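Below are the chains, spelled out letter by letter.
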Amino acid sequence: MPSAALLLWAPLPLLALPAVAALPGLAPTLLLLPAAFHATSHAVAACRATLLARGFAGRDLLKPHRPELVPESAGLPAAATYVLLLFCFIPFKYARSDVHDLEARADGAWQGQIGGRSGFPHHELSLYLCALLSILSSVLLGWLDDIFDIRWRLKMPIPLVASLPMLVVYHAGGGGTSVVVPGWPGFLRELLGRVIDLGPLYYVFISMLSTFSVHSINILAGINGVEVGQAVVIAASLCVNSAMYLDPRAGEPGSWASKELRDRHLFSLSLLVPFCGCALGLLRWNRFPSRVFVGDTWCYFAGQVLACAGVLGHFSKTLLLFFIPQVFNFLLSCPQLFGIVPCPRHRVPKVHASSLALYPSRALLKDAKPSAKLSALRRPILELLQALRLVQLEYDKRGAITSTTNLTLINALLVFAGVRGPPSLPADSADGEGKEAAADAAPSGPRITEPTLWGLVMGTQIAGSLLAFTVRYWLAGVVFPVQ
Ligand code: UD1
Ligand code: MG
């Protein structure tokens, strides 16, 4: 039962109705939030049994007492629901535009103009359709990855190609390719000027950004709800960021926002708001204890939606700020991703069977053979990370490093909190994954379970968003002064 105080506050959103009505397309966008939530939740529920029956299933690595398989790739029904809802949205957003009819031909012959009707927002519609195209190709790539487990070196560059339509419409819309040079040290502006045009390099940055966002969500994964939770926090933060530009009087005297800026953010919201609904509908099933796994389909889909919203909304650098935890996780992972340190198939933490306490998983170094050039880097990198309390190393009697905790943000949070696992024995498997000396030896340090660790990762993501807002709206003014 809602409390009386809550009922008093309930009419408050009604005050925003005139503003919502004055902003083109915002009302249908907002209606898509609950629609996407319920439709996704139902679609995922309906697909669970079929996914299991078709063999899309995985073992929950952190549930030693749960032998049954969990349906995998539930990101597919979520992404399909999203795309279908966005298709349905097109007539509501564009059909009422002030279009001028073409002259009818009296003889009934073929008619029409390849340039289309005047007054119709062709460019905005092409932005929308290109976003959908890029999103759909990412869903396809994620689905293929779920089926074929594509090798990293093959799947790394594919999102670059998927982002091509987005780059073309960015160019067609006169998207900027300049960056502001920092105000200090002073010689930078004397040398380069206040603004520097990166030209084609800026397009390289945008396509790398979409590739990064697609893969970065996939490597910050493996505990229940974390793939969806991080996407919800980033998308919600971007919605708050865009909402700040929604001035119904934009472009009129006295308003600080231009109409162009406002409409860009309205466009991004039309991608992000339904995405939040889908993500929350999926989280209902994916949160601890997961009743579905989202699969790579979700990670690729989510990364591409966020990239499209940022790039086509013309705030790609701001977008990157909201990925601070993902950037950190990627940089920390680099030694494993680039072969300096062995990378086991799964880098998720391990679980102690009787207490369900988590502890960092390990990669064994003993038998690993990095190239001669890279092996020299291994020790200084790992010891620096250990000094920063991000990894914990094991040494043999001669002082050689025998293993390291896996280089992920999730393991680093455990190491930082002081959790220590049992010492590892050499692995008998070829993937270099450590095996615990005594399966029953409890980890030392604070007891952190899977839901607590999920909370810690989400806390880090929210702290990252707060930092992003601070950098964007305070520090940027200091580092990039107008003069
Ligand atoms: C990425 C990570 C890998 C991590 C995996 C977990 C890199 C380079 N790769 O690999 O280290 O272990 O994601 O998703 O960083 N699973 C759970 N609980 C969950 C989610 C997934 O146990 O909450 C397990 C299930 O067995 C599931 C499997 O992870 O079947 C999915 O792994 P997959 O997405 O195929 O791994 P990658 O994306 O290749
Ligand atoms: Mg994955």
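Residues numbered from 1 in each chain as written. Chains lettered and ligands numbered in written order. Predicted model: local features only at pLDDT ≥ 70, side-chain atom pairs only at ≥ 80, totals over all residues. Heavy atoms only, no water.

As its UniProt record puts it under Sequence similarities (unreviewed entry), the chain is described as follows: "Belongs to the glycosyltransferase 4 family." (UniProt positions renumbered as here; feature names shortened; annotations may be inferred.)

This part covers the coordination of the magnesium ion (ligand 2). The protein atoms that coordinate the magnesium ion (ligand 2) are Asn-218 (OD1) and Asp-296 (OD), at distances spanning 2.0 to 2.1 Å. Highlighted residues: Asn-218 in helix H10 (residues 200–219) and Asp-296 in helix H13 (residues 295–312), separated in sequence by 78 residues. In this pair, the class of Asn-218 matches that of Asp-296, namely buried. (Donors = N, O, S within 2.8 Å, 3.2 Å for Na, K, Ca; no water. Helix = DSSP H or I, 4+ residues; strand = E, 2+ residues; numbered from the N terminus. Buried < 20%, exposed > 50% of the residue type's maximum accessible area, 1.4 Å probe, protein only.)

The local shell around ligand 1 holds 20 residues, among which Arg-59, Leu-61, Glu-72, Asn-218 and His-346 are the closest. For ligand 1, an oxygen atom lies 2.6 Å from a polar atom in the backbone of Arg-59. In this structure, an oxygen atom belonging to ligand 1 sits 2.9 Å away from a side-chain N or O atom of Arg-347. When ligand 1 sits alone it has 730 Å² of accessible area, and the protein chains cover 91% of it. At a threshold of 2 Å from the grid points, most atoms of ligand 1 map onto the largest pocket. Here the shell around ligand 1 is built from residues that sort into eight nonpolar, five polar and seven charged. For the shell around ligand 1, the two domains that each supply at least three residues are domain 1 (29–94 + 120–316) and domain 2 (336–448). (Near = heavy atom within 4 Å. Polar contact = N/O pair within 3.5 Å; in protein donor to acceptor, adjacent residues only side chain to side chain. Areas by Shrake-Rupley, 256 points an atom, 1.4 Å probe, with all protein chains shown as cover. 1 Å grid on protein atoms, 1.4 Å probe; cavity = no way out; pocket = protein on both sides within 12 Å on 5 of 7 lines; lining within 4 Å. Sits in = over half its atoms within 2 Å of the grid points. Nonpolar A, V, L, I, M, F, W, Y, C, P; charged D, E, K, R; others polar. Domains from an automatic or database assignment.)

The next thing to look at is the pattern of salt bridges. A full pass over the atoms with the stated rule returns twelve salt bridges. Across the salt bridge formed by Glu-68 and Arg-66, the nearest N and O atoms sit 3.3 Å from each other. Overall, Glu-68 belongs to the partly exposed group, its relative accessible area being 44%. Residues participating in the shared-partner salt-bridge network are Asp-60, Lys-63, Arg-66, Glu-68 and Glu-450. (Salt bridge = Lys/Arg side-chain N within 4 Å of Asp/Glu carboxyl O.)

Below, the discussion takes up unusual backbone geometry. Across the junction of Phe-288 and Pro-289, the peptide omega takes the value -15°, indicating a cis bond. Among the structural elements, Pro-289 can be located in the loop between helix H12 (259–286) and H13. Phi at Asp-149 is positive, roughly 50°, even though this residue is not glycine. Of note, His-314 is a non-glycine position whose phi angle comes to about 60°, a positive value. Since its relative accessible area comes to 31%, His-314 is described here as partly exposed.

This part is about helix H5 (residues 122–148). Taking 1.5 Å per residue as the helical rise, H5 with its 27 residues ought to reach 39 Å, and the 38 Å between its terminal C-alpha atoms agrees with that figure. Asp-149, located one to two residues past H5, shows a positive phi value of around 50°. (Expected span 1.5 Å × (residues − 1).)

Attention shifts here to helix H4 (residues 75–94). Taking 1.5 Å per residue, 20 residues should reach 28 Å; H4 reaches 28 Å between its end C-alpha atoms and fits that length. The sharpest bend along H4 measures roughly 25° and falls at Cys-88, with the proline Pro-91 sitting one to four residues further on. (Bend = angle between axes of the 7 residues up to and from the residue.)

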